[in-house]
Structure formats: structure tokens, C-alpha cells
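# Survey of secondary and tertiary structure
Each chain, written out:
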Amino acid sequence: MTSGLEEEERLVARAKEDPECFGALYDRYFPQIYRYVASRVRSREVAEDITSEVFFKALRGLARYQSTGHPFSSWLYQIAVNAITDHYRSQRHPEDSLDEVPDPVDGAPAVDEEVALRLSVQEVWTEIAELPEQQRIAMTLKYGEDLKLAEIGQIMGKSEGAVKLLVFRGTATLRQRLLAGRATAQSPEGADG
Amino acid sequence: MAERFWRRRRRVEDELAAVFPESQDPDGRLLATARELRQLLTSVEIGEAEPHYRDHLRASLLAEHRARSSARTPRRHRVGSLFGVGLGLAGLAMLGVVLISVLVLPSGPRQVVVQASVQNNPRVAVNQAIDLSFNQPMVESSVDQGLRIQPALTVSTAWQGATRLSIRPRHQLVPNVAYEVTISRKAARAQDGATPLSNIVIPFGTAPLSATAVGYPPSLVAVSQVATVQQPTALQYAPDGQLLVLAASALTPGAASPASVPGAAGVYSLSSPAALLAPGAAAPQPSPDSQQLAYWSAAGSSTELEVVPLGGGGQPQVVASSPDSDPVASWVNDSTLLYSGGQGLLEANLDGQVTAVYPFVKLGPSGFFEAAPGLTALYAQPGGIPTVYDLGTGSSLQLTGIQGVPVFSPDGAQLAYVALSGGRESVVVASSTGGAPRAVVVAPAGVALTQLAFSPGGQYIAYVATTPGVGSQLGALALATGASHLISSLSGVSLPAWSPEGTAISLVQTTGGGSQVLTFQLSAPPGAGAAGAGAAASALDTASTLAQLQVSGGQGALTAIQGLLAPGAAIPTSSLLPGHFDRFYAISSTASSSGPNAYQVQLELLRDPTGGLPAQYLDETATVSVAGTTGELTALTLGQLTALPPGPMVISATTSSTAPGSVTFVLQFDADLDPATVGAQSVQLTQSGTQVSGVRVSYQASSRQMVITATGLGSGPLVLTVGAPLADVDHTLISPPYELSLPALPTSAPTAG
């Protein structure tokens, strides 16, 4: 892992001068940054706009970039998180973007009886969008991107312990809300019929 | 690399455990929620970015980078202006050093950068060359030596001006394979000594089999030469897969001299070497059980209908005679023939006794007819008028605008023919018993369509398209969608014949040098053309649906998989990793010992290498219970998600039995094999635990298929193992060995994979 980071640091150093090296960094990180952005905004056009913004900002800020011992992707995620936050702040109803998430098959049987809780993707996205901003960012980076707590801390400018707390609180809130929603749905009043 | 996967998984688990320690989450509910959230959100299907957008953004970024770099360059000139305002001697001396450095010392070599035509393209055509473009002149021999392709291929390289390299595989690429071209950093050496920063790795893939599903006609995988023939007039497969040609002579590769009959045409079996079955024959027809061959033979002023054993060696048996000029015969079953007998359409058994007449059917003076499979309908030209008879009711209908002879679908329900309308030819399909004809494909003006041939499954029609100035080429269309394309650019082709399992088309190509019989291996979807292998094909379809859902991922995947399960069946859905894979192979479908209608399907799911991560694979064995044409999953055995080892891999396996006590396995590999390692030393076949001797092994390089045949077998279960020393052309051994178990000898039809 260390050698991988060292190799990346050399590549980043060269990328400051060499466009082709920047191209190599782009090739390496474009898929995951685009995926992350697309998972948050749920619109191809907006995802493309924000991803472009992320990489142009990275290019323009590259001369000032200094390695902190974390992967270069942490810095890109940091830019992406800020760009997504800016995007939603500029929207009147940020949750509208979640409406496009398709519902799972109605009335489908439970997928796996052994898991503790039944979730659907739409419910989860809706509830995540309702979480406080910091919890929302930590939750999506942890569960959606599988990033390390330390990397999330680097992206959010927080300690690893603070990220743990955000994820803990976010998960507890989410579980509580999902269970409450499920209980309502299963009550005679909440049932579809 | 597998360790890397598990290390990462452990890391994620450890971190989640740290977030939700037992002290704060005593019943583990939050941890369970966290695990499910992670699984749910990482499996959400996010569409790939548009390649055009991705490439455009990259180009824009690099353009801005270059512009910024060049904008920074003039700073150097400011040194001169500083000099102008006066510097101390020390400063002047330092400037001198800088100037000397800039003007005299050589700058470092420019790093090697390569662009590839196929880079990251997951749907490269199987006949496409791999073109590389370097940013500076390269040491060609060094690059050639350091070039590797995985799965291994035999390639030739051609350079243009030391910067452009074209890599051509000797045989066409295999569909649905993720390839990786690698040039080691040291080998990728420019003429000025520069190298790239790291090994050059160019991933790309060929279109998956799902792209050639029923809605799209199959594509060409490989071409092989079967025989050289003279004056061929008919080509067809017997139901057992034996290829027959009606010609003046036939010479199979490796045979010393052609089989021929002086002055007359004969029917030849193109097994190696070619064997003459019936001299002086016309209109040959193999029986449904592939045991006999019926044909017409001139005898004085009339023509005799004769039957000989298809395996050769027997005397012709005369069944009937006909005064018609162009009589036809068609098998009703293994002991009865339908034929044009002068007075009309007759049926006779092999002893020559007429068993039925069809007085309502009027044949033309030639006696020609075309019978639908199952004898539901028949086409004839009484008085030159194209007419279709319903043999059940005796009713008839006339066809208008028809060009040439129509063909019936394998189930006899449909009729396809070429029609001319508005000066353009089209392929028209109609119900055999009437109904509105439907133009499936309309050819461009001037292009003639002929020689239609239904695929054994009935989903596709092959045809010959003749374009002025180009010649005749093989095309295919999908009936469901009307999608069509030329299967090959080879011209001068005729007489297309589908193989019984629908995975190949054989045809004749005639050039100035003569005629040859070629076989085109096709990328047919699993089970699509597996005529006669209905239950095994249904099982394969069900298992393929499971694998496709795992590849697709998305919100509904696990739910849809649940819908494939038989009542009461439980499979470990949490380990199916939907959305984690890029492609799959449904390798084989064979009878299972667990029940009379149960089949075992071998699946392999693959994740392509990306971002420095190696390719991974997961083996699955699905047990499918088949009722009618519907399959249900009753059990699933999962292997471990593992880094894909280098070396050849079996991606399809079919089994069949052409004679009592015999078995034939056809294994399709993804890589070119080292011929020296192909043989009995790499193959082990056991029956009831005892090794079978006398196993024959052959390898067809152009299709990358290994054929393993054994005879004299009993009835016990068989286990085939193909392992070391089998290796690819890069000398990488097959690993792990491929294994296929059969509870008993297969039925005669191929149980396709």
C-alpha cells in the first residue's frame, strides 16, 4: 500500500507539469468520482456538470496540492463533496432529485430473511437526504463508497473519531426512522389496502 | 490478489465494528443495519458515464493543462529583463550556469505515452485489429517482445513509422471476453531511451453473448475450412451433426487424394477423410435418426428413390421410382418417405409399399415440393403457381410476388420467402396456413436475397445477399426484431446450412481457385439453438437469467432472483454480489443425479480488471428443475470470489453422443492453446471411478475448440478433467483444471453450454 501511495505521489508531482500524467490521474479516478457524484445527484446531466467541475478545480488547484499521506482520491472526493453541497444549496428542493430513484418491485417477497431490517433503496435515499448535512456526507462516503474512516475524515476535514460519531448517529437515526416508517406501513391505516 | 479482496473486506468489517462497538450496540442491531446499508448502497446501479463525455472532458482538461503550461513558459524570458536592470557579478555567474544548463545540458527524454483504438471499449468487434499509437518513435523489436495479451492470443504485428503499431490476432477474438494488452515498462522503450511511467496496460472487451440474444442475429466467431469440393450443388447437416455435400468430389484437409466418382455427382460425408456415400445421387435427405440417407438416382428414363446407411458400407435399397424431372423426397419418420411419384404426392415405407396418397396436392411437372417439418404444410408450384397446402385440412393458398423457393420454420408454423416490391427485395414471413405476410427485412436497391435458411431454434434466418460489384455474402436476421447484418465480408458464398445446435453455419465459397466448404462458428446465445436439448436449454436459460441479474445488479436484482427459486428453495442471496460483475459464462448444462428433471448448470461470473485491480471470478453451480420449458432454481453452490488466474479457461462445454456407448465433449476456450500440450496427456475421463482409455483429443485452432471423444463406454457416471500440461500459447498452464461430471451418457442431441 505504501509503495502504491509513493507511486501515486510521484505521478501527482509529474502531473503538475505533464498533461499526460494528469491524464493518467484522470483515467484512474474518473470512474469512481463520476459514480459518487451520479449516486448523489441521480441525474446524468447534473452528474456530468459536477464531475467536470471537480476535475477542472483539481487541475487548477494542482500546483498548490500537497500530499498528506492520503490517496489523491481523497482530495478529489473533498472537491466533489463541496461541489455537490453547493449544487443542492443552489436548489430550492434538494430532495426532488431523489424522486427519480425507481421503486423496487411492488409486493415482492423479502430478499433475505436473515437480515435484521428490510430496506429499500428509495427509502434509504429519502431518509439519508433528511439527515443533517455532515451526517449525510459521512454516511454516503462510508456506505456508498466504502471509504476508510480516516479518508472520510480527510475529505471532511474532521478527525476519525468525529467521523465515527457521525456515522454512528446517522445510522441510528436512519434505523429509527426506517423502522417507524415500516411500522406505519404495516399498521391497518398505513397499509395499501 | 484474492487476499487483497479479503483484506479489504476485513478492513471494512473492522471499521464497522469500531463504529458500532458492543458497548454502544449491545444487540448488534446497528451493526446489522450498517452492513445492509453498505450492501444496498454499493450495489445500486449507477450508469456508466458516456464514453463521449468522458473522452471530451479528458481532452478539455489536457488542453487547458497544456495552455497553462505554455502560459508559464515566458517566465524564463523575464530573466533577461532582470539582467537589464543590472545584477551583481555573483548573480551574473549564477545566470551563466542556468543558461548553460538550459542550452547545453540535454533535457530528459520525453515519457512514452500510448493511445489505443480499443482502450476501455467493452464491445470491440471480434475481427478488429488493436491499433496503438505512440507519442514518439519506438524500438520496435523491444515493444514486440514485451507485448502480451491475456487471454493469450497468437498475433502478428505491423509497424508504421515506428510510432504506430497494429496488432492482429491470428484468429478472431472470442465474444464476451475481457482482454488486456500489456507492454512491460522496460520493453516499451523509445528510440531516445524514454519509457512510460509504468507498464502499459490496455483493457478492452468483446461484446457479451447477451448482445447476441434472440433480438439480434449472431456474429462470426471463427472460420474453419472443412473441405475442398468440386461443383457443389447442395450442403446440409444430418441431425447428428454430420456435414453432407452433393458434389463431384470432396477433399478434406490432410487427406491424400479427393474422394470422387467419375462423371457424376455424389453425396459425400465431410467427416475426415471425406467419404462417398451415394454416387450419382440427387436431392439427398438424411433420416431423422441420422441412420439412413435417401436420394434420387437416375435409372433409364425414370429416377429411383434409394436409401443407404448414412454411416456408409451398405447397399442401396430402392424404395420407389418417379418419372418426374426433379423429384423430391422428405422423411415422414425413420421408416417412411414422402415423395413425388409421377401421379402426385405419395408416402411409402422402406419396403416400397405406398402407405398414403395426397390427392388434393397438385405438383408441377418437375415434381418439386418443399415439405414443412412435421408435415403440417407443403409448398409446390402446380402450373407454375406458388402454392402452400395445409396437409391437415387440404386447403391451399397462393403466394404472390415470391422470388425463388420458400423455406419453412423448424416448427412448420411459418414460411419465409423473398418478395420483390418497388424494385427492392425483402424477406417476408407468413403463417404456413395463411395470415398477413410480414416483411422482416428490406434489402437496399440492387441487392438480391436468396437461399434463406431458418436457424434450428427458429429465431434467425440466414440468407445470401448478392450486391453488384461485391458478390454474394452471408447475412442473418433476427425474426423478433428484424435486426440484420452481414455475418462475414467473405464473398462468393452459397448454400448456407445451420449446424443442428445452431452455433455454426457451413457454406460453400467459390472463387477463381475453386470451391471450398467453410464453417462459420457463431456467437449464438446460450441455448438459443439447442434443438432437441429442450430441458437442458431451459435449465441453461434459467441459470443464465440468474447470472444476468447478478451482472445487472440494481435495486430489483435480488428480488427478481428470488422469483427464480422453486418453492421452498433457499439460496444464499446475500453472497450473490449483484452489480459486482461485468460478464458471465453459462458453461454447461447437464443432467443432474438429483432428480429426473434436474439439471446442473456451470456458471462463471467475471469482474473485468479496472483501475489496477485484477479480474475476479466466481464459480457457481445452479441446480435447475425443469417442467415443460420452465426452469426453477432448486439449489446453488457458490465458489469463492477469487482473482482470475492467467491461463486458458473453458467458457463453454457441450456434450453429445453420436452412437451407443460414445460421448463427445466440445470445449470452447477463451485463449489460443499451445498445440503441443493438447492431447490425451491433458485429459482424463473416468467412468465409475475407472479411467477410460482410448480417448481421442483434437483441437481446432481457428475456433479454439477442443473435441474429446470416447467410445465403448458403459452406463456409469462420467467425469471429465482437463488440466496441466494444457497451456496457452504463452505457456501458461490451465488453472484450476476444468471438470465436468455427467451422471450418465448424454442423449444424442448436444446439451449445450
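What counts, and where the lines are drawn
- Residues numbered from 1 in each chain as written.
- Chains lettered and ligands numbered in written order.
- Predicted model: local features only at pLDDT ≥ 70, side-chain atom pairs only at ≥ 80, totals over all residues.
- Heavy atoms only, no water.
- Helix = DSSP H or I, 4+ residues; strand = E, 2+ residues; numbered from the N terminus.
- Expected span 1.5 Å × (residues − 1).
- Buried < 20%, exposed > 50% of the residue type's maximum accessible area, 1.4 Å probe, protein only.
- Salt bridge = Lys/Arg side-chain N within 4 Å of Asp/Glu carboxyl O.
- Core = buried A, V, L, I, M, F, W, Y, C linked by side-chain atoms within 4.5 Å.
- Pairing = 2+ DSSP bridges.
- Axes fitted to C-alpha atoms, helices over the stretch in contact; angles between N-to-C directions.
- 1 Å grid on protein atoms, 1.4 Å probe; cavity = no way out; pocket = protein on both sides within 12 Å on 5 of 7 lines; lining within 4 Å.
- Points joined across faces, edges and corners; volume = space filled by probe spheres on them.
- Nonpolar A, V, L, I, M, F, W, Y, C, P; charged D, E, K, R; others polar.
- Domains from an automatic or database assignment.
- Polar contact = N/O pair within 3.5 Å; in protein donor to acceptor, adjacent residues only side chain to side chain.
- Contact = heavy atoms within 4.5 Å.

### What about helix α4 (residues 72–89) of chain A?
With 18 residues, α4(A) should reach 26 Å at 1.5 Å per residue; the first-to-last C-alpha distance of 26 Å fits that figure. Within α4(A), 14 of the 18 residues are buried, which leaves the element mostly enclosed by the surrounding structure.

### Concerning the pattern of salt bridges
One side chain can pair with another of opposite charge once the charged atoms of both are near each other. Residues and elements named next belong to chain A. Applying the stated criterion across every chain, the model contains 12 salt bridges over all chains. The shortest N-O distance in the salt bridge between Arg 28 and Glu 7 comes to 3.5 Å. Here the residue Arg 28 occupies a position in helix α2 (residues 19–41), and Glu 7 occupies one in helix α1 (residues 2–15), the gap between them amounting to 21 residues. Overall, Glu 7 belongs to the partly exposed group, its relative accessible area being 33%. Look at the salt bridges and you will find they share partners, linking Glu 7, Glu 8 and Arg 28 into a network.

### Concerning the nonpolar core
In terms of nonpolar packing, the biggest core is built from 69 residues, with A:Phe72, A:Leu141, A:Tyr143, B:Phe20 and B:Leu61 touching the most fellow members. Counting residues per element, this core draws most heavily on α2(A), which supplies 12 residues. Within the second largest apolar cluster, 60 residues are counted, among which are B:Val114, B:Ala187, B:Leu667 and B:Ala710.

### Things to note about the sheet that holds strand β47 (residues 696–700) of chain B
All names here are of chain B. The 4 strands lie next to each other as β43-β44-β48-β47, forming an open sheet whose pairing is antiparallel. Edge positions in the open sheet fall to β43 (650–656) and β47, since each of these has one partner strand only. Strand-to-strand, the axes of this sheet are offset by a mean angle of 15 degrees, without reference to chain direction.

### Quick notes on empty space enclosed by the protein
Think of a ball as big as a water molecule: rolled over the atoms, this probe shows where empty space is left. On inspection of all chains with the given rule, the structure shows 3 cavities of 30 Å³ or more. Volume-wise, the largest cavity comes out at about 60 Å³. Contributions of two or more residues to the lining of the largest cavity are made by α2, α4 and α6 (133–144) of chain A. By residue class, the composition of the lining of the largest cavity is 4 nonpolar, 2 polar and 2 charged. Two domains each donate at least three residues to the lining of the largest cavity, and these are domain 1 (1–100) and domain 2 (105–193) of chain A. A volume near 50 Å³ is recorded for the second largest cavity. Lining the second largest cavity are A:Arg35, A:Tyr36, A:Ser39, A:Arg40, A:Trp125, A:Thr140, A:Gly144, A:Glu145 and B:Leu41. Going through the elements one at a time, α2 and α6 of chain A are the ones with two or more residues in the lining of the second largest cavity. Per element, the largest residue contribution to the lining of the second largest cavity is 4 residues, and it comes from α2(A). A breakdown of the residues in the lining of the second largest cavity according to their chemical character gives 3 nonpolar, 3 polar and 3 charged. When residues are assigned to domains, the lining of the second largest cavity turns out to be shared by domain 1 (1–100) and domain 2 (105–193) of chain A, each giving three or more.

### Things to note about the side chain of B:Gln602
All names here are of chain B. Here Gln 602 lies in strand β39 (residues 598–607). Since its relative accessible area comes to 17%, Gln 602 is described here as buried. Looking at Gln 602, its side chain comes within polar contact range of the side chain of Ser 588, at 2.9 Å. A distance of 2.6 Å separates the side chain of Gln 602 from the side chain of Tyr 738, its partner in a polar contact. Beyond its immediate chain neighbours, meaning those up to four positions away, Gln 602 contacts Tyr 585, Ala 586, Ile 587, Ser 588, Glu 620, Tyr 738, Glu 739 and Leu 740.

### A look at the environment of B:Gln191
Residues and elements named next belong to chain B. With respect to the helices, strands and loops of the structure, Gln 191 is situated in the loop between β6 (178–183) and β7 (200–205). Separated by 52 residues in the primary sequence, Gln 191 and Val 139 place their C-alpha atoms 5.4 Å from one another. At a separation of 3.1 Å, a polar atom in the side chain of Gln 191 contacts the main-chain carbonyl oxygen of Met 138.

### Details of unusual backbone geometry
All names here are of chain B. With an omega of 10 degrees, the peptide bond between Ala 724 and Pro 725 qualifies as cis. Relative to the helices and strands, Pro 725 is located in the loop between β49 (718–722) and β50 (738–742). For Leu 375, which is not glycine, the phi torsion reads 55 degrees and is therefore positive. On the secondary structure map, Leu 375 appears in the loop between β23 (369–371) and β24 (377–380). Judged by relative accessible area, which is 15%, Leu 375 ranks as buried.

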